[in-house]
Each structure stands twice: as structure tokens, then as C-alpha cells.
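Descriptive analysis of the structure
Single-letter residue listing:
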There are 2 protein chains.
Amino acid sequence: MSRGKLIVVSGFSGAGKGTVMKEIMNSYDNYALSVSATTRSPRPGEVEGISYFFKTDDEFRQMIEKDELIEYAGYVGHYYGTPKQFVEKNLDEGKDVFLEIEIQGALKVKEKYPDAVLMFITPPDAKTLRERLVNRGTESMDVIEKRLARAAEEANGVEAYDYIVINDNLQECVEMVDRIVKCEHNRTSERMSIINSIRNDLTK
Amino acid sequence: MSRGKLIVVSGFSGAGKGTVMKEIMNSYDNYALSVSATTRSPRPGEVEGISYFFKTDDEFRQMIEKDELIEYAGYVGHYYGTPKQFVEKNLDEGKDVFLEIEIQGALKVKEKYPDAVLMFITPPDAKTLRERLVNRGTESMDVIEKRLARAAEEANGVEAYDYIVINDNLQECVEMVDRIVKCEHNRTSERMSIINSIRNDLTK
């Protein structure tokens, strides 16, 4: 069994990343979703160990010191990080592991996992982005305005990404993400053993 | 309308490239198949202007001199080349253009078209490769043995390819090729204009 692929998903706040990830996990086998550690407070409905591992600042600092995080970063006053053990275990089991993190963290992951595939999910336009944040209804208009003001910055570094996937229709977006992952398993780096085996057989 | 993508397909003799290309053209819209120029003689059933443009050595030399070929190369004593005009016309019309050429030619194409996607089609193993060449029945066992002896060399340079697609089941192979092309249209280089447009709208 070949090792799984690491898929890093980022996107504007309000691009619908969370919903896309949820649908991906519900719709297909062989995927695992990395659970981040964070020091921010749970939002209504979020569950410990599924949405996030909620940590105090002290606990988070200990994870950093013990090198238990692939990457970590600060965002709007809180820390977010990717626990290493879960990712490695699932990759070893042949699962493709999705990480949903922001760009600066993603670029750190790419340094440690050069074969990781980086995707940025975007709404088709700024109007849709604003509507989605408002309709989510989990944040005050104040926070939404701050998020929109930050959104332009959220795409800084996206030039280094492999794919930009448009989330206009949820189902189409989910299918495209799945297809990209499956196509990525046809990459030459992953398939050279087949060619080498044929070459060996032919020159025997 | 955005410009089409150039898709270069290579593979072992007997990998079934020709059949895959035929099925791709029959099954999907928006693809065009480049017709190569060659100095080799037509095989039974091959049609001028569809299978190849069959040229004399003199005619081929003139195309080279007039810079009418994207690339050309010698193979088993004959010349093969890719007429430029057809490719450019179809790319400009937004079609994805497939070229079926061998690796050395493909690498020359990649120099001129850095965004070209390079795919290598392979049977799952050497046994299948041999069976397909024998079953094709268009060549003597002598020629087949020579082709098999050459096959190991035919993969030289494949490390520079983007994808290796296994042709075990024809329909699955055809679908995978189509999916890879459609996924490649989500590449960051092709989609940055959307991000830039959203950034501009948000900072207005």
C-alpha cells in the first residue's frame, strides 16, 4: 500500500472551506481530516476532538516545545497548529489527509512535506464572499467587516499554491477537489516504480 | 475565452496511446488532436490529413526551413513533426490540443510551451505490453521484437513528465486523461485573475 497524500486547503474566510471539507469527508472514502489544535474558544456547536482540540495557551506552548506540531501560527489573537501524530498515522495507513489551514501555515507544511498539494478555495467574486459571511450568522457585523478587511491579505502567498478551486456550486467544488486528489496520484514521482519495473522486465 | 492547454501524450509502443486518443476525441468536446507530419509510409487504414500528413523527405525539409514545425525528430529511420499552425489556431479558439509524440519531441515542446502538460501512458506491466504488440497484428514478430528491445529506451526522459497514466482498462484510462486535463484548468497560474479581482473589490 502506498503512503497517502497530504492535501492542504486554504481560502478566504467565507469561501466555504469548512462545508467543502465536511462534504468531502461524508462523500468519499480514503480521506482523513486533520484536527487542528487551537487556543481560541469553541463556537456554538463545535466539538472537542472533532472541530478542534481546544487548548489553553500553556498547553499549546507545551505542544510546541515537545515538537508535536507540524506547523503553528497566530491568527486574530489566537494560536492554531497541526498535531503531527494524527497526520503521520493516517498517511502511513494510505489515507489522503486534508489540512484546513491558512496560507502562512500551509507554506510551512510544504517545506516539511514537499509532495503536499496546496489548494485555495475561493468564491467566484467578492460579492458572494460578503453574502456568505453575513448569512453564516455566527459573527457580528463588526467582526464580519474586520474579516472582509483582512480577506485581501488572506490571499497573500497564494501564488505558491498548486490549485485554485472555485466554490460557486458546493457539489461541483467538492467533486473537483476529489478529482484533483485522485489525479495527483498519477504524478510521475508517485508512478516511476511502474516504469522502472517494465524497463527491468524488458531488458532482462 | 481563455486559451486552451497543450497536452502532450507519449508512451511505450503498444501502450494503446492511439486508441486512448481516438476515444478521448470521440467522448468529449473541446479537445483537438494535433495531426503530425511524417515521412514514414501509411499503415493499412491510415488516412492522409487525419492519421498523419504524409510527406516526402524533401517536403519535410521545407517545413523545417520555413519554421512550420513546433518540433521534429527522427524515429526508426523516419521523421515526425508537429505542424505549428493547427496547434496555435486551436489553442487560440480555447480548445485543449493533444499532441501524441515521443519523449524527446515532447521535451522540445515543453521548452516552447512551458505550460504544456506532459502525460506518459503505460500498460500496467511488461507482459501486457508484449501481448498488445503481438495482438495488434500490423507488424511482423521481427519488428515487434525490435520495438520491445527499444521500449526500455522509449521511457528515457519520462522523469520530466507531469503524469504517468496506466492504461489497463481503456475506459478508465480515457476518463483519467480527461479528468487530469480538467483539473489542470484549476492551476493557480490560470486562476490568479479571479483572486486578484476579489482582492481589488475588497480594497476599493
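Residues numbered from 1 in each chain as written. Chains lettered and ligands numbered in written order. Predicted model: local features only at pLDDT ≥ 70, side-chain atom pairs only at ≥ 80, totals over all residues. Heavy atoms only, no water.

Below, the discussion takes up the pattern of salt bridges. Following the criterion strictly, the structure yields 30 salt bridges over all chains and no others. The residue R199 of chain B makes a salt bridge to E159 of chain A at a minimum N-O spacing of 3.4 Å. In this pair, R199 of chain B sits in helix α8 (residues 188-202) while E159 of chain A sits in the loop between α6 (141-154) and β9 (163-166), so the two residues belong to two different chains. According to the relative accessible area criterion, R199 of chain B is buried, its value standing at 14%. (Salt bridge = Lys/Arg side-chain N within 4 Å of Asp/Glu carboxyl O. Helix = DSSP H or I, 4+ residues; strand = E, 2+ residues; numbered from the N terminus. Buried < 20%, exposed > 50% of the residue type's maximum accessible area, 1.4 Å probe, protein only.)

As a further point, take the relation of the copies chain A and chain B. In screw terms, the move from chain A to chain B is a rotation of 180° and a rise of 0.0 Å along the axis, fitting with an RMSD of 0.1 Å. In the structure described here, the two chain copies are related by an operation that fits a two-fold rotation axis. Of all interface residues in chain A, 100% are interface residues in chain B too; the two copies therefore contact each other through one and the same surface. (Least-squares fit on C-alpha atoms with pLDDT ≥ 70 in both. Contact = heavy atoms within 4.5 Å.)

With that settled, consider the state of the cysteines. Scanning the entire structure with this criterion turns up zero disulfides over all chains. For C173 of chain A, which is in no disulfide, the shortest distance to another cysteine sulfur is to C183 of chain B and amounts to 12 Å. A relative accessible area of 1% means that C173 of chain A is categorised as buried. Free cysteine: C183 of chain B, not disulfide-bonded; nearest cysteine sulfur from C183 of chain A at 3.7 Å. (Disulfide = S-S within 2.5 Å.)

Below, the discussion takes up the side chain of R191 of chain B. Counting through the fold element by element, R191 of chain B comes out in helix α8. E190 of chain B is the oppositely charged side chain nearest to the buried, salt-bridge-free R191 of chain B, at an N-O distance of 6.0 Å. At 2.9 Å, the side chain of R191 of chain B and the backbone oxygen of I164 of chain A are in polar contact. The contacts of R191 of chain B, once residues within four sequence positions are left out, are I164, V165 and I166 of chain A together with H185 and N186 of chain B. (Lys, Arg positive; Asp, Glu negative; His and termini not counted. Polar contact = N/O pair within 3.5 Å; in protein donor to acceptor, adjacent residues only side chain to side chain.)

Attention now moves to the sheet that holds strand β7 (residues 96-100) of chain A. The sheet built from five strands is open, its strands ordered β2-β7-β1-β8-β9 (chain A) with parallel pairing. Each end of this open sheet is capped by a strand with a single partner; those strands are β2 (31-33) and β9 of chain A. Direction aside, the axes of adjacent strands within the sheet are offset by 30° on average. Where strand β1 (residues 6-11) of chain A meets β7 of chain A, four bridges bridge the pair, whose relative direction is parallel. Pairing of V8 of chain A across the sheet is with L99 of chain A, part of β7 of chain A. The strands touched by α8 of chain B within the sheet are β8 (117-122) and β9 of chain A, with β9 of chain A carrying the most contacts at an inclination of about 55°. (Pairing = 2+ DSSP bridges. Axes fitted to C-alpha atoms, helices over the stretch in contact; angles between N-to-C directions.)

Our focus in this paragraph is the confidence of the model for chain A. On average, residues of chain A carry a pLDDT of 91, and 100% of them reach 70 or more. Taken together, the chains of this predicted complex give a pTM of 0.88 and an interface ipTM of 0.87. (pLDDT = per-residue confidence, 0-100.)

Another point: the interface of chain A and chain B. It is common to give the size of an interface as the accessible area lost on bringing the parts into contact. Contacts between chain A and chain B engage 39 residues on the former and 39 residues on the latter. A combined buried area of about 3400 Å² lies between chain A and chain B, and 68% of that area is made up of carbon and sulfur atoms. Counting across the interface, chain A meets chain B through six salt bridges. In this assembly, chain A and chain B are joined by 18 residue pairs in polar contact (both at pLDDT 80 or more). Those elements that place two or more of their residues in the side of chain A that touches chain B are β8, α5 (126-136), α6, β9, α7 (170-184) and α8 (188-202) of chain A. For the side of chain A that touches chain B, a count of residues per class yields 24 nonpolar, five polar and ten charged. (Buried area = accessible area lost by both parts, 1.4 Å probe. Nonpolar A, V, L, I, M, F, W, Y, C, P; charged D, E, K, R; others polar.)

We now examine unusual backbone geometry. Working note: non-glycine residues mostly have negative phi, and peptide bonds are mostly trans. With a phi angle near 70°, N30 of chain A is a residue other than glycine that sits in the positive phi range. When you line up the elements, N30 of chain A lands in the loop between α1 (17-27) and β2. Of note, D67 of chain B is a non-glycine position whose phi angle comes to about 60°, a positive value. By the secondary structure assignment, D67 of chain B is in the loop between α2 (57-65) and β5 (69-75).

Residues and elements named next belong to chain B. With respect to topology, four strands assemble into an open sheet ordered β4-β3-β6-β5, the strand pairing being mixed. Whereas interior strands pair on both sides, the edge strands pair on one side only; in this sheet they are β4 (52-54) and β5. Strand after strand, the sheet turns through a mean of 25° between neighbouring axes, direction not considered. One ladder, built from three bridges, connects strand β3 (residues 36-38) with β4; its direction is parallel. By the bridge assignment for β4, A37 is matched with F53.

All names here are of chain A. Negative charge collects at one region of the surface, where D125, D168, E172 and E175 lie side by side. Summarising the element assignment, D125 is placed in the loop between β8 and α5. Under the relative-accessibility criterion, D125 is labelled partly exposed at 31%. (Patch = residues over 30% accessible without salt bridge, like charges linked within 9 Å, V, L, I, M, F, W, Y side chains within 5 Å. Areas by Shrake-Rupley, 256 points an atom, 1.4 Å probe, with all protein chains shown as cover. Charge placed at Lys NZ, Arg CZ, Asp CG, Glu CD.)

With that out of the way, let us pick up the packing of aromatic side chains. If you walk through the whole model with that rule in mind, you get 18 aromatic pairs over all chains. Judged by centre distance (5.7 Å) and plane angle (55°), the ring pair of Y52 of chain B and F54 of chain B falls under tilted. Judged by its relative accessible area of 18%, Y52 of chain B falls in the buried class. Seen from their ring centres, F60 of chain B and Y79 of chain B are 5.5 Å apart, and the 20° between their planes marks the pair as stacked. Within this pair, whereas F60 of chain B is found in helix α2, its partner Y79 of chain B is found in strand β6 (residues 78-83), the two being separated by 19 residues in sequence. Residue Y79 of chain B is classed as partly exposed on the basis of its relative accessible area, which comes to 39%. In this structure an aromatic cluster arises from ring pairing among F12, F120 and Y161 of chain A. Its guanidinium or amino end placed over the ring of Y72 of chain A, K108 of chain A lies 5.8 Å from that ring's centre, counting from NZ or CZ. (Phe/Tyr/Trp six-rings, centres within 6.5 Å; stacked < 30°, edge-to-face > 60°. Lys NZ or Arg CZ within 6 Å of the ring centre and 35° of its normal.)

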